[in-house]
Amino acid sequence: MIGMGTCGLASGAAKIKEAIEAELKNLNIQATIEGTGCIGYCAVEPIVDIKLPGKDRISYQEITVKDVSEIY
């Protein structure tokens, strides 16, 4: 999930979404990427939450395009 409310978009969430989609494609990983509204902590946007089957959700804050390849 990517926080894509006004604050997320202003902080670069659209570019983060594109970078995640490209990284997943490069790694041949199928995943659902959902844009959400405001997550509620605008000061640390963009926020990306990752939820893998059977695992707890992990939240990352202040993500940059450079960070995307390190998440996986």
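Our structure's up above, just so we're on the same page.
Residues numbered from 1 in each chain as written. Predicted model: local features only at pLDDT ≥ 70, side-chain atom pairs only at ≥ 80, totals over all residues. Heavy atoms only, no water.

## Observations concerning the environment of Tyr60
Logical step 1: Locating Tyr60 in the fold gives a position in strand E4 (residues 58-60).
Logical step 2: On the basis of relative accessibility, which here comes to 27%, the residue Tyr60 falls in the partly exposed class.
Logical step 3: Put simply, Tyr60 and Val48 are 12 residues apart on the chain and 5.2 Å apart in space, counted from C-alpha to C-alpha.
Logical step 4: Other than its neighbours up to four places away in sequence, Tyr60 contacts Pro46, Ile47, Val48, Asp49, Ile50 and Ile71. (Helix = DSSP H or I, 4+ residues; strand = E, 2+ residues; numbered from the N terminus. Buried < 20%, exposed > 50% of the residue type's maximum accessible area, 1.4 Å probe, protein only. Contact = heavy atoms within 4.5 Å.)

## Digging into unusual backbone geometry
Logical step 1: Note the cis peptide between Glu45 and Pro46, where omega equals -5 degrees.
Logical step 2: The topology assignment puts Pro46 in the loop between strand E2 (35-36) and strand E3 (48-50).
Logical step 3: Residues other than glycine seldom take positive phi values, yet Glu62 does so here, at roughly 50 degrees.
Logical step 4: In this structure, Glu62 sits in the loop between E4 and helix H3 (65-71).

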